[in-house]
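# Structural overview for review
Each chain, letter by letter, is given below.
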Amino acid sequence: MTSTDVRKDAEDSGPSGYAAARLRLLTEGARSGPPRRAALAELTDEWLAGLFAAGAEDLKGVSLVAVGGYGRGELSPRSDLDLLLLHDGADAKAVAALADRLWYPVWDLGLALDHSVRTPAEARKTAGEDLKVQLGLLDARHLAGDSGLTAGLRTSVLADWRNQAPKRLPELQELCAERAERQGELQYLLEPDLKEARGGLRDATALRAVAASWLADAPREGLDGARRRLLDVRDALHLATGRATDRLALQEQDQVAAELGLLDADTLLRQVYEAARVISYASDVTWREVGRVLRSRSVRPRLRAMLGGGKPAPERSPLAEGVVEQDGEVGLARAARPERDPVLPLRAAAAAAQAGLPLSLHAVRRLAATVRPLPTPWPAEAREQLVTLLGSGQPTIEVWEALEAEGLVTQLLPDWERVRCRPQRNAVHIWTVDRHLIETAVRASEFTRRVSRPDLLLVAALLHDIGKGWPGDHSVAGEIIAKDVAARIGFDRADVAVLSALVRHHLLLIETATRRDLEDPATVRSVAEAVGSHSTLELLHALTEADALATGPAAWSSWRGSLVADLVRRVAAVLAGDAPEEPDASAPTAEQERLAIEAVATGSPVLSLRAQTEPPTEEQLAGDPEPLGVELLIAVPDQAGVLPAVAGVLAVHRLTVRTAELRALDLPAGVEGSVLLLNWRVAAEYGSLPQAARLRADLVRALDGSLDIAGRLAERDAAYPRRRGVVAPPPRVTVAPAASRHATVIEVRAQDAPGLLFRIGRALEDEGLRVRSMHVSTLGANAVDAFYVTGADGSPLPGDEAASVTRKLEETLRA
């Protein structure tokens, strides 16, 4: 559709002509992006101008003005029309009639309309009282009527904005900060709001307003392109959904990606994140500049006169070789020569992070444009400065983002490009891959006093997920990359081996501790063999905690910390030469024996609830004050269906199972009968724990069949809240190879839901298997459970039988 076509279609000022032309424009595949937005604005301009002309007749002193996004000539398919009917106040009745002639045709077409009718004085007064109105008027554009009236308003609004900038800009900054707190950061969200989240279109508009104040200006390089990319995505989102929405929901991302001609939803998100990162960084730089200008203006005129009548030169304080602090930022010294000093970027970054100050935009851009590449391997100073930067704690993040914004990170570490802005489609992760790596380094900096080689810990934290940019197991790919990077940045052969091992096994402790039987000597020996030395174990322990804390709140807790610490203690003993003892299942505690005898005597289940008395360590509490839970001991006369019955009753009572052990108990001499003992740790999903007597009563009913657990859980499952449109991946059941000499270890990965353990227990029971123990772990919406099972004779399952069981269990869970 050409401009001539637009004008021709708009000649029919009626709704039907405009609607037909609009539909053709939006369904025309050849045009998208800025040309389509401009054409839609032009078409709308012509239509509204026709409506105005038909309704205004001989009315003078009236104009129609587009404001906000429409004022900028940027109309997305479902954008609101922001209109101001401006008048001189001479004929209010005629103006009201004109407003009706304008607004009703817009509403008749189902278009969203944000409208107002004001005199210039009223418009200025409202803008002075409402910052959002003032921002919209900064983009005022004349559509029809008295152009002089519109021009006068534009001139006065801009003058007001510039005069009031010292007061209004801090208000605008606070507004942006509040919105960011509510909506989060666009560059990390899996379902971002393209407009409201930090780094989105609202922030881009705010930067335009700052520039219009003449008080400060945003770094323009890449900013227009980033804003245009977000607008393109919003256009595609409107067309894909048919709704006026700015929320890029998961279920719509593939369709939006296809609309934009992108490979997949991950490519779409990565482009969105890159655009948001540009806008966020520009916002940070701009608001720092605003603050600096406002601080300088607050100096009293008399003091300025005393200092010589002009603006005094900011003091420059040396921080490192070639690096100075000036006016609250870190810049380059006058004598610095980046073209001759390849270590300068790292030295400046480390100095800034250590001082807790931002790197100045000018310094970063000068470094990016002039610095020479580091030689391979890096000199010792470069490696030391990188470690210093990574060990500086929270300030590292802002400094690293400044380096990334100008391409210095990928210049230093080319492998970083594959993880930059890479989304993680996992509810547990709250960051993109690259930000998660920096967050892990920040967390690791808190643990440097716990390890003998803090430099290896910090670099391992930076590299542990570097393999996520490659196909296959990211730990395996990461090991290869880490080996290359470590050698390139100057570590010796022994250190390179440690770093690559840390990356390869960075999930080993948490996965083993939460999914394996720590009483099984094979479990502890396998970890000891993989780790190899006490110093590596020490580093891996710290890296495990830092990685989990940097992942998100669902990834670490005092319970997980206690399991990992227990595993580390056992592995350390093996590395010190102490062989792990074989578990002795024949020696019950006095409490277990008492319950077992009572169960035999009564012929029914007996149980006790006891709070965990061992408190978590201080370090575990620093991450999450979650209690360790409650120990549930159950003794049941040996019979079929115990595991599903207990799991089902706990699910009905909304109790979460953290660890579980089930075994047959040898009774004292003279006591006849066989008893199954269940030693589980549980916690209430919410509220308080149920009374032991009530649990026992329901367990009795479950075992005799009078309690319909499956029916109760089915009702719960039907009402279980699920995210609209999000389809969970299918469950996966596998056999862990060589995990135990005493049992076959079956791993189940599935969407967590009420009664999942009940369904698994019932399926294993149907196969005639005995469960020695199970280890459950829930990460976000995902359950990862391990079951140590044997046949009826107490032996591990043959390979073909184990494969058959896993296949049937997977089919059951998929049903």
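Residues numbered from 1 in each chain as written. Predicted model: local features only at pLDDT ≥ 70, side-chain atom pairs only at ≥ 80, totals over all residues. Heavy atoms only, no water.

The next subject is the pattern of salt bridges. As enumerated under the stated definition, the model contains 50 salt bridges in all. Of the charged contacts, one joins D235 and R37 as a salt bridge, the two residues approaching to 2.7 Å between their closest N and O atoms. Of this pair, D235 sits in helix α11 (residues 223–241) while R37 sits in helix α3 (residues 34–56), and the two are 198 residues apart along the sequence. Its relative accessible area of 1% is what places D235 among the buried residues. Here the residues in one salt-bridge network are R288, E289, R292, D327, E329 and E398, joined through shared partners. (Salt bridge = Lys/Arg side-chain N within 4 Å of Asp/Glu carboxyl O. Helix = DSSP H or I, 4+ residues; strand = E, 2+ residues; numbered from the N terminus. Buried < 20%, exposed > 50% of the residue type's maximum accessible area, 1.4 Å probe, protein only.)

Attention now moves to the nonpolar core. Counting residues in hydrophobic clusters, the biggest one holds 95 residues, and the most contacted among them are L359, W378, W400, L413 and W416. Each residue touching W400, except ones within four places of it in the same chain, is listed here: L386, L389, L390, V409, L413, W416, I438 and L462. If you look at the next biggest cluster of nonpolar residues, it comprises 50 residues, including V630, V642, L713 and F787. (Core = buried A, V, L, I, M, F, W, Y, C linked by side-chain atoms within 4.5 Å. Contact = heavy atoms within 4.5 Å.)

Let's shift gears to the pairing of strand β6 (residues 323–326). Look at any regular strand and the pattern is simple: side chains alternate between the two faces of the sheet. Pairing geometry for strand β5 (residues 316–320) and β6, over four bridges, is antiparallel. Looking at β6, one finds that R316 is bridged to Q326. Between the end of β5 and the start of β6, which pair antiparallel, lie two residues, with G322 showing a positive phi angle near 80°. As paired strands, β6 and strand β7 (residues 329–332) are joined by four bridges and run antiparallel to one another. Bridge assignment links E325 to a residue of β7, and that residue is V330. (Pairing = 2+ DSSP bridges.)

A separate point is the environment of R243. The residue R243 is located in the loop between α11 and α12 (250–259) in this model. Each C-alpha atom of the pair R243 and R78 lies 6.4 Å from the other, and the pair is 165 residues apart in sequence. Beyond its immediate chain neighbours, meaning those up to four positions away, R243 contacts R78, H238 and E252.

Among the structural elements, R741 can be located in the loop between β12 (732–735) and β13 (744–751). C-alpha separation for the pair R741 and T523, spaced 218 residues apart in sequence, amounts to 9.3 Å.

With respect to the helices and strands, the residue T432 is situated in the loop between α19 (408–412) and α20 (433–444). Among the residues examined, T432 registers a relative accessible area of 1% and is labelled buried. Here the side chain of T432 touches D434 through a polar contact of 2.7 Å, side chain to side chain. For T432, the residues in contact, after removing those within four places along its chain, are Q187, Y188, Y273, R277, C421, R422, P423 and Q424. (Polar contact = N/O pair within 3.5 Å; in protein donor to acceptor, adjacent residues only side chain to side chain.)

Looking along the chain, the bond that leaves T376 and enters P377 is cis, with omega of -5°. You can see P377 is positioned in the loop between α16 (361–370) and α17 (380–390). Despite not being glycine, W214 has its phi angle at roughly 65°, a positive value. You can see W214 is positioned in the loop between α10 (201–212) and α11. With a phi angle near 60°, C421 is a residue other than glycine that sits in the positive phi range. Positionally, C421 belongs in the loop between α19 and α20. The class for C421 is buried, based on a relative accessible area of 0%.

Note that E196 resides in the loop between α9 (165–183) and α10. At a separation of 3.0 Å, a polar atom in the side chain of E196 contacts the side chain of R202. For E196, the residues in contact, after removing those within four places along its chain, are R179, Q183 and R202.

Note that R701 resides in helix α31 (residues 692–704). On the basis of relative accessibility, which here comes to 35%, the residue R701 falls in the partly exposed class. Not counting residues within four places of it along the chain, the set of residues in contact with R701 comprises S706 and L707.

What follows concerns the packing of aromatic side chains. According to the stated counting rule, one finds four aromatic pairs in the structure shown. When the centroid spacing of 4.2 Å and the interplanar angle of 5° are considered together, the rings of Y18 and W47 count as stacked. Of this pair, Y18 sits in helix α2 (residues 15–27) while W47 sits in helix α3; the two residues are 29 residues apart in sequence, bridging distant segments of the chain. Both residues of the pair, Y18 and W47, count as buried. (Phe/Tyr/Trp six-rings, centres within 6.5 Å; stacked < 30°, edge-to-face > 60°.)

On to the sheet that holds β7. Pairing is antiparallel in the open sheet, where three strands are placed in the order β5-β6-β7. Each edge of the sheet is formed by a strand with only one pairing partner; in this case those strands are β5 and β7. Taken over all neighbouring pairs, the strand axes of this sheet differ in orientation by 40° on average, direction set aside. Its contacts with the sheet put helix α15 (residues 344–355) on β5, β6 and β7, and the angle it makes with β6 is roughly 40°. (Axes fitted to C-alpha atoms, helices over the stretch in contact; angles between N-to-C directions.)

Right, let's talk about helix α30 (residues 642–652) for a bit. The element α30 is extensively covered by neighbouring structure, given that 11 of its 11 residues are classed as buried. Of the positions making up α30, those classed as buried are V642, L643, P644, A645, V646, A647, G648, V649, L650, A651 and V652. The first or second residue beyond α30 is R654, which carries a positive phi of 55°.

For the chain, the average pLDDT comes to 86, and 89% of its residues sit at 70 or higher. Model confidence for the chain, summarised as mean pLDDT per element, is weakest for helix α29 (residues 618–623) at 41 and strongest for helix α23 (residues 493–504) at 97. This model gives residues 6–11 a pLDDT under 50, and the stretch forms 12 contacts once residues within four places in sequence are excluded. Considering only residues more than four positions removed or in separate chains, one finds that residues 613–628, a stretch of pLDDT under 50, has 26 contacts. (pLDDT = per-residue confidence, 0-100.)

This part covers the sheet that holds strand β3 (residues 113–118). Strand order in the open sheet formed by four strands is β3-β2-β1-β4, with mixed pairing between adjacent strands. Unpaired on one side and paired on the other, β3 and β4 (141–145) mark the two borders of the sheet. The average undirected angle you get between the axes of adjacent strands in this sheet is 20°. Here strand β1 (residues 62–66) pairs with strand β2 (residues 81–87) via five bridges, running antiparallel. Opposite A66, over in β2, you have L83 as the bridge partner. Of the strands in this sheet, β1, β2 and β3 are in contact with helix α5 (residues 92–108), which crosses β3 at around 175°. Running over the sheet, helix α8 (residues 147–163) touches β1, β2 and β4 and is turned about 105° from β2.

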